Structures are given as structure tokens and as C-alpha cells.
Amino acid sequence: MAAAPKVGFVSLGCPKALVDSEGILTRLRAEGYAISPSYDGADLVVVNTCGFIESAIQESLDAIGEALEENGRVIVTGCLGAKGDVVRRTHPKVLAVTGPHALEEVMTAVHEHLPKPHDPFIDLVPPQGIKLTPRHYAYLKISEGCNHRCTFCIIPSLRGDLASRPIGEVMREAENLVKAGVKELLVISQDTSAYGVDLKFSSTAPVSGAGGRSRRAWAIWRRHSGNWACGCGCTTCIPIRTWTM
């Protein structure tokens, strides 16, 4: 079995911040990550900061700077993270910034930059999920439903209005499938050309999941997609876009 990915941890601030650190560390260990006692032995470092008074702010900024210098891959959380512009302005190379008591946000950032290890002895389901297709290809559904009301089509009454999946979620599923050995991704939906209309994506809109990388992925997706569907809502008129990896 491959060595577990290692996370370094720096905890600053009051007892409430310490409890937050304990929660993050507990979750990391429960998911199979190892905790590194040093910067050079870590694959990335989480710094839980304080932002209460000026001296605490400076201590936190110094700790972030030290972690960046010694390791280079740093996720910032805690009270100073609520002043994200301060962190980003001082240390623009940090991987992610979250506020206090943000366990899920921290874990999302860790998963993005240091994927959760798969343990075949305790993980009953592989990261890509259970698939019914042969190993070399898989269907990637990007949305459900349709906003059109064609008189000959019953789909909207069965599956409802258009509901696009967040691009970050779609990209993560695609990455997991490729890592599992999939060579072709068959992108499917009811009205593929309308993907994202209900989410009102733009180059600056926040995207759930993978942040800036997801926004770039969205731009690439739209540039290469063209008009894949006729827009009438019928299943027979929607060509399947094939991505060859």
C-alpha cells in the first residue's frame, strides 16, 4: 500500500481555535492522512490563524510565511482567514484561505490539493463509484431535466426543469474516472447546450468546489462544447460528446 499523504499543522490563537484544530486533525486522521511533525516531511501544511489583535495578526502572517518558505504548499484557516484579502495580499501563493470553524471548507481544500488516500481495506466504494459500463469508458452526466416544453416530449414532467451540476463537482468526477483507468468520457444530459444556464456561470462568478480551477475548467468546457444539442428536449437529438484521454 502506498504511503499515506502527510499534512503538517500549525495551530495559533485561543482555546476555541485549538478546538477547531483538533476537529480538523481528527478528520484528517479519520480519512487516512498522516500528520507530519515537520515542514519538510509534509505534502502540505495547514495553518490555523488568529486575527484578534495586531500582534496576533503579525504572528499568523509570519507563521504562514515560514510555512511557505519551508514547504511551499499552505492552506490557511482561522480568524485571520476571515480577512482573506490580508492573507492573499501578503502571501499570494497560499493554496486556499478559509475563515474560522470551517472544517468542511478546509477538508475540501485539502482534498483538492492532496487527494484523500484510498484504503481498500476500509473504503467499500472506490472514488469513481460503482459503474455498470466496461472499464475503458463511462458516462458523465452534467445536468438533469429540461426547460423546454416541446409538445411531443414528456421529459420535463418526468425529470423536471434544467438542473446543472456545479462544474467543480463534474470535474472532480471526471478526474476520478480518469484515475480509475477510464479512457473515454461520454458527456450526457437532456439539453447539453443549456448546461450552466440555471447556475448563471461567468468568468467571475463563484463556483462550488474547486474555486479558480473550476472557473477555468468552465471556460474551457464552454469553448469546446459548441452547440451539442438541438434544444428541443428530445433524447434522440442529443449527440454524445466523447472525450478521449
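Above this text is the structure in question.
### Quick word on helix 4 (residues 103–113)
Those residues of helix 4 that sit buried are V106, M107, A109 and V110. Along the axis of helix 4, the buried positions cluster into a sector of 160 degrees, meaning they face one direction only. Against helix 1 (15–30), strand 3 (44–49), strand 4 (74–78) and strand 5 (96–97) lie the buried residues of helix 4.

### Considerations on the nonpolar core
In this structure, V10, V45, V47, I64 and V74 are the most contacted members of the largest nonpolar core, which totals 18 residues. Every element with two or more residues in this core is listed here: strand 3, helix 2 (54–70), strand 4 and helix 3 (84–90). Counting 14 residues, the second largest nonpolar core, distinct from the first, contains Y33, I75, A96 and L114.

### Description of the environment of V187
Residue placement: V187 occurs in strand 9 (residues 184–188). Taking C-alpha positions, V187 is 6.0 Å from Y139, a pair spaced 48 residues apart along the chain.

### Focus: the packing of aromatic side chains
A full pass over the atoms with the stated rule returns one aromatic pair. For the ring pair Y137 and Y139, a centre distance of 6.0 Å and an interplane angle of 90 degrees mean the geometry is edge-to-face. The class for Y139 is partly exposed, based on a relative accessible area of 38%.

### Points about a negative patch on the surface
Judged by side-chain charge, D40, E59, D62, E66, E69 and E70 come together as a negatively charged surface patch. Following the sequence through the fold, E59 ends up in helix 2. Residue E59 is classed as partly exposed on the basis of its relative accessible area of 46%.

### Points about the pairing of strand 3
Burial analysis of strand 3 places six of its six residues in the buried class, the great majority of the element. Both faces of strand 3 are covered, namely the face carrying L44, V46 and N48 and the face carrying V45, V47 and T49. Pairing of strand 1 (residues 6–11) with strand 3 involves five bridges; the strand directions are parallel. Across the sheet, the residue bridging to F9 is V46, located in strand 3. The sheet contact formed by strand 3 and strand 4 spans five bridges and is parallel.

### Some remarks on unusual backbone geometry
A positive phi angle, near 35 degrees, is found at H101, a position not held by glycine. Its place among the elements puts H101 in the loop between strand 5 and helix 4.

### A word on the side chain of N48
Inspection of the secondary structure puts N48 in strand 3. Separated by 2.8 Å, the side chains of N48 and S21 make a polar contact. Aside from chain neighbours lying at most four places away, what touches N48 is F9, V10, S11, L12, A17, D20, S21, T77 and G78.

### What to know about the packing of helix 1 against helix 4
One can describe the packing of helix 1 onto helix 4 by two numbers: an axis separation of 10 Å at closest approach and a directional angle of 45 degrees. Between helix 1 and helix 4, the angle falls in the class oblique. Two packed elements cross with a definite hand, and for helix 1 against helix 4 that hand is right-handed. Between helix 1 and helix 4, the contacting residues are G23, I24, R27 and L28 on the first element and L103, E104, V106, M107 and V110 on the second. Residues of the contact of helix 1 with helix 4, tallied by class, amount to six nonpolar, one polar and two charged.

Thresholds applied
Per chain, residue numbering runs from 1 following the sequence as it is written. Residue-level local features of this predicted model are given only where pLDDT is at least 70; pairs of side-chain atoms are given and counted only at 80 or more, and the full residue set underlies all totals for whole chains, interfaces and linings. With hydrogens and water set aside, each side-chain value is computed from the structure's full complement of heavy atoms. The classification of residues rests on relative accessible area computed with a 1.4 Å probe and restricted to protein chains. Under 20% of the type maximum is buried, over 50% is exposed, and intermediate values are partly exposed. Think of it this way: any DSSP run of H or I at least four residues long counts as a helix, any run of E at least two long counts as a strand, and we number them from the N terminus. By arc we mean the arc of the directions from the helix axis to the C-beta atoms, nothing more. Here a residue-residue contact requires only that any non-hydrogen atoms of the pair lie within 4.5 Å. Nine residue types can take part in a nonpolar core, namely buried Ala, Val, Leu, Ile, Met, Phe, Trp, Tyr and Cys, and a core is a set of them joined through side-chain atoms within 4.5 Å. When two rings of Phe, Tyr or Trp (its six-membered ring) have centres within 6.5 Å they constitute a pair, described as stacked for plane angles under 30 degrees, edge-to-face for angles over 60, and tilted for the intermediate range. Only residues whose relative accessible area exceeds 30% and that form no salt bridge enter a patch; like-charged residues are grouped when within 9 Å of one another, and nonpolar side chains (Val, Leu, Ile, Met, Phe, Trp, Tyr) when within 5 Å. All accessibility values rest on the Shrake-Rupley procedure with a 1.4 Å probe; residue burial counts only the protein chains present in the view. Salt bridge, as used here, is a side-chain nitrogen of Lys or Arg placed within 4 Å of a carboxyl oxygen of Asp or Glu. Counted charges follow a simple rule, with Lys and Arg positive, Asp and Glu negative, and His plus the chain ends left uncounted. Throughout, a charge is located at the NZ atom of Lys, the CZ atom of Arg, the CG atom of Asp or the CD atom of Glu. If DSSP finds at least two bridges between two strands, the strands pair. Here a polar contact means two N or O atoms within 3.5 Å. Within protein one must be a hydrogen donor candidate and the other an acceptor candidate, and residues neighboring in sequence count only if both atoms are side-chain atoms. All axes are obtained by fitting lines to C-alpha atoms, using only the stretch in contact for helices, and the reported angles, taken between N-to-C directions, cover 0 to 180 degrees. Geometric relationships in this document are graded by angle, where less than 35 degrees denotes roughly parallel, more than 145 denotes roughly antiparallel, 65 to 115 denotes roughly perpendicular, and other angles denote oblique. Handedness of a crossing is defined here by the sense of rotation of the near helix relative to the far one, left-handed for an anticlockwise turn of less than a right angle and right-handed for a clockwise turn. Residue polarity is assigned by list, with Asp, Glu, Lys and Arg as charged and Ala, Val, Leu, Ile, Met, Phe, Trp, Tyr, Cys and Pro as nonpolar; anything else, Gly included, falls into the polar class.

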